[in-house]
Amino acid sequence: MEETELFLLLFSAISVAILMWRAMKRERKFQKVPPGRMGWPFVGETLAYLKPHPSTSMGEFMEQHISRYGKIFVSNLFGEPTIVSADLGLNKFILQNEGKLFESSYPKSIEGILGKWSMLVLVGDMHRNMRILSLNFMSNTKLRVHLLHEIEKHTLLVLGAWREKQVFSAKEEAKKFTFNLMAENIVSMKPGKPETESLKREYITFMKGVISAPINLPGTSYRRALQSRKTILGVLEMKMEEKKMRTNGREPEIEEEEDFLGWVMKQSDLSSEQILDLILSLLFAGHETSTVAITMAMYFLDGCPRAIEQLQEEHMGIAREKREKGESSGLNWEDYKRMEFTHSVINETLRLGNVVQFVHRKALCNVQFKGYDIPRGWKVLPVFAAVHLDPLNHHKPHHFNPWRWQDSNNSSNFMPFGGGPRLCAGADLAKLEMAIFIHHLVLNFTWEVTEPDIPTAFPFIDFPKGLPITVHRLSSNTTSTILERETTATGS
Ligand code: HEM
């Protein structure tokens, strides 16, 4: 490109940004938008908003803005005029009015990586169709009849390989568990096989791109993630071709495996491109967040021995009763329902850990709330972390206190899985994964965090060191025997 052309391009981009910024300011004069500031043209306050902070805090940006402007304020984020909400009522209102007053609106860069048919970016009927298909994979019956056993099998596979006093990353172990579970049930890829390990590695590069600046230049994380997307789609396409060959009768003796991919290919009228995006994003959504949630549970429990004791009591009780009834098989739905304190630990982990800090929406029309105007087309960010850490919603919000979930009903002030028509499709699956993992963990091991590490919001949540831990094996209880038996059987 000629220098003059480059100059003209740059000049036009800056002029457009300034015009947009002026228009935003003008619009504010005529409407009663919430207080706040727009910051610099175009970038606005994005960098300050995205500044990494512990996920157990709201971050400096939110704290300062809330104390200066209140729980609903205006800003300029991700290149758009934005209403930021730390208000429980407004957050619920936004989530419940999806498709009517508000609509999902993720940055274009996310669409580039997850694909235009990914559920996160789809809206309207197509979103509803994809959602129905995904919910079928994680329906209550599937959880009870099939996935519970799958979860237990994959938990035992991971825990069975743990060796006394070995130091390892809790996050990597949690990832092995959640990724293997998803890969086997969505596309029949077996744990430990080279193709599964290589897909898991591709997803690490992929994830880095989802959260990076969308700069498509050689060497950037975004460019590498786009490349990973291609590689992942290539693998998934191959799986689809294999299935088509079988169903076309070329290999009639092989019984078709009922994984999610096979089911979608048979039961839906989606195009191949749509199926590929759906599978790619389900594999992604199905392991990244629950990996972090399980790692967080280990992190919080390490600092709360009383909770570990109570968990051990609860799970020993379940194991003892199964032994007395002569039940030698694994856990069942009734056992899961008896894990009451475990559910409190899960809720508290999700509340204080804030695995998903906020979601992206935009206003479909001019909306009024608590006397403020939310102009049509503006970005709206309901910040869940701010609601979870608000002392008006949760007493002493910075304390890890699972018992708070036994005393009172906090669930109306709690939105770790979002809400409304886009409520996380995998919420029940994620809780089941956490509970079964915790069951075998506390019955068989104690653990210590060996190096300080904290869950950090980048804004995606990560443990910068992977949460290094060392474990000690507990002896003389029946579940240890199950663990040993299962791991011998699977050859781990
Ligand atoms: C602790 C773990 C998890 C957390 C905290 C979590 C959180 C969330 C949140 C907040 C949303 C809403 C996004 C929005 O409104 O824009 C969401 C959506 C979604 N999640 Fe999860 N998630 C978790 C685990 C899972 C798992 C295991 C799956 C299984 C595949 C899953 C699948 C999905 C899907 C498909 C959506 C899109 C739903 C829709 O648009 O209708 N999630 N998740």
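Cut-offs applied
- Residues numbered from 1 in each chain as written.
- Predicted model: local features only at pLDDT ≥ 70, side-chain atom pairs only at ≥ 80, totals over all residues.
- Heavy atoms only, no water.
- UniProt positions renumbered as here; feature names shortened; annotations may be inferred.
- Helix = DSSP H or I, 4+ residues; strand = E, 2+ residues; numbered from the N terminus.
- Buried < 20%, exposed > 50% of the residue type's maximum accessible area, 1.4 Å probe, protein only.
- Contact = heavy atoms within 4.5 Å.
- Areas by Shrake-Rupley, 256 points an atom, 1.4 Å probe, with all protein chains shown as cover.
- Patch = residues over 30% accessible without salt bridge, like charges linked within 9 Å, V, L, I, M, F, W, Y side chains within 5 Å.
- Salt bridge = Lys/Arg side-chain N within 4 Å of Asp/Glu carboxyl O.
- Pairing = 2+ DSSP bridges.
- Phe/Tyr/Trp six-rings, centres within 6.5 Å; stacked < 30°, edge-to-face > 60°.
- Lys NZ or Arg CZ within 6 Å of the ring centre and 35° of its normal.
- Near = heavy atom within 4 Å.
- Polar contact = N/O pair within 3.5 Å; in protein donor to acceptor, adjacent residues only side chain to side chain.
- 1 Å grid on protein atoms, 1.4 Å probe; cavity = no way out; pocket = protein on both sides within 12 Å on 5 of 7 lines; lining within 4 Å.
- Points joined across faces, edges and corners; volume = space filled by probe spheres on them.
- Nonpolar A, V, L, I, M, F, W, Y, C, P; charged D, E, K, R; others polar.
- Axes fitted to C-alpha atoms, helices over the stretch in contact; angles between N-to-C directions.

- The chain is annotated in an unreviewed UniProt entry as Cytochrome P450 of Amborella trichopoda.
- According to its UniProt record, the chain has this under Cofactor (unreviewed entry): "heme".
- The record held by UniProt for the chain lists under Subcellular location (unreviewed entry) the comment "Membrane".

**A short note on the overall build of the chain**
Right, so step 1: Along the backbone of the chain there are 19 helices and 13 strands.
Right, so step 2: Burial analysis of the chain (492 residues in total) assigns 53% to the buried set.
Right, so step 3: In the chain, the share of contacts with a sequence separation of at least 24, taken over all contacts with a separation of at least 6, comes to 72%.
Right, so step 4: Only carbon and sulfur atoms are counted for the fraction: they give 56% of the accessible area of the chain, which is about 22700 Å².

**Examining a nonpolar patch on the surface**
Right, so step 1: Residues Trp40, Phe42 and Val43 make up a contiguous nonpolar surface patch of roughly 380 Å² in combined accessible area.
Right, so step 2: Secondary-structure assignment places Val43 in the loop between α1 (3-30) and α2 (46-49).

**Overview of the sheet that holds strand β11 (residues 456-457)**
Right, so step 1: If you walk across this open sheet you meet the 3 strands as β1-β11-β12, and the pairing is antiparallel. Edge positions in the open sheet fall to β1 (53-54) and β12 (461-462), since each of these has one partner strand only.
Right, so step 2: Bridge count for β1 against β11 is 2 bridges, and the pairing is antiparallel. In the sheet register, His53 faces β11, and the bridge partner there is Ala457.

**Some points on the UniProt feature "binding site: heme" (unreviewed entry) in the chain**
Right, so step 1: Within the UniProt annotation, "binding site: heme" (unreviewed entry) is assigned to Cys424.
Right, so step 2: Mapped onto the elements, Cys424 comes out in the loop between α17 (404-407) and α18 (427-444).

**Some details on the pairing of strand β9 (residues 379-382)**
Right, so step 1: What you see with β9 is no split at all: Lys379 and Leu381 on one side and Val380 and Pro382 on the other are buried throughout.
Right, so step 2: Bridging between strand β6 (residues 361-363) and β9 involves 2 bridges; their strand directions are antiparallel. The partner of Lys362 across the bridge, within β9, is Lys379.

**Describing the packing of aromatic side chains**
Right, so step 1: For the coordinates displayed, the defined rule picks out 23 aromatic pairs.
Right, so step 2: With centroids separated by 5.1 Å and ring planes inclined at 55 degrees, the aromatic side chains of Trp333 and Tyr336 adopt a geometry described as tilted. In this pair, Trp333 and Tyr336 are both assigned in helix α14 (residues 333-337), 3 residues apart and thus about one turn of the helix distant. Comparing Trp333 with Tyr336 shows no difference in burial state: the two are buried.
Right, so step 3: Here the aromatic cluster, defined as three or more aromatic residues joined through ring pairs, consists of Tyr49, Phe61, Tyr69, Phe73, Phe78 and Phe358.
Right, so step 4: For the cation-ring pair, Lys142 lies above Trp263, with the distance from its terminal atom to the ring centre recorded as 5.8 Å.

**Focus: the site of the ligand**
Right, so step 1: Close to the ligand lie 27 residues; Tyr106, His127, Arg131, Arg361 and Cys424 are nearest.
Right, so step 2: Take Tyr106: an N or O atom from its side chain is 2.6 Å from an oxygen atom of the ligand.
Right, so step 3: Contacts to the ligand include His127, whose side-chain N or O atom sits 2.8 Å from an oxygen atom.
Right, so step 4: Of all the elements in the fold, those that place two or more residues in the shell around the ligand are α6 (124-137), α12 (272-302) and α18.

**Digging into the layout of surface pockets**
Right, so step 1: Estimates place the volume of the second largest pocket at around 300 Å³.
Right, so step 2: Considering the residues around the second largest pocket, the lining is formed by 16 residues, among which His146, Asn185, Glu258, Asp259 and Phe260 are closest to the centre.
Right, so step 3: Taken together, the elements giving at least two residues each to the lining of the second largest pocket come down to α6, α7 (140-159), α8 (170-187) and α11 (260-267).
Right, so step 4: The leading source of residues in the lining of the second largest pocket is α7, at 5 residues.
Right, so step 5: Its residues assigned to classes, the lining of the second largest pocket comprises 4 nonpolar, 4 polar and 8 charged.

**Quick notes on the sheet that holds strand β3 (residues 80-85)**
Right, so step 1: Strands sit in the order β2-β3-β9-β6-β4 across an open sheet of 5 strands; the sheet is mixed. Each having just a single partner strand, β2 (72-77) and β4 (102-104) make up the two edges of the open sheet. For this sheet the average axis-to-axis angle between neighbouring strands, irrespective of direction, equals 35 degrees.
Right, so step 2: Pairing geometry for β2 and β3, over 6 bridges, is antiparallel. What sits directly across from Phe73, in β3, is Val84.
Right, so step 3: Strands in contact with helix α3 (residues 60-69) are β2 and β3; relative to β2, the strand with the most contacts, it is inclined by about 130 degrees.

**Quick word on unusual backbone geometry**
Right, so step 1: Here the amide bond leading from Phe458 into Pro459 is cis, since omega sits at 20 degrees, within 30 degrees of zero.
Right, so step 2: Mapped onto the fold, Pro459 is located in the loop between β11 and β12.
Right, so step 3: Phi at Asn354 takes a positive value of approximately 50 degrees, unusual for a residue other than glycine.
Right, so step 4: Here Asn354 is to be found in the loop between α15 (340-353) and β6.
Right, so step 5: A positive phi angle is found at Lys370, which is not glycine, with a value near 45 degrees.
Right, so step 6: Relative to the elements of secondary structure, Lys370 occurs in the loop between β7 (367-369) and β8 (372-374).

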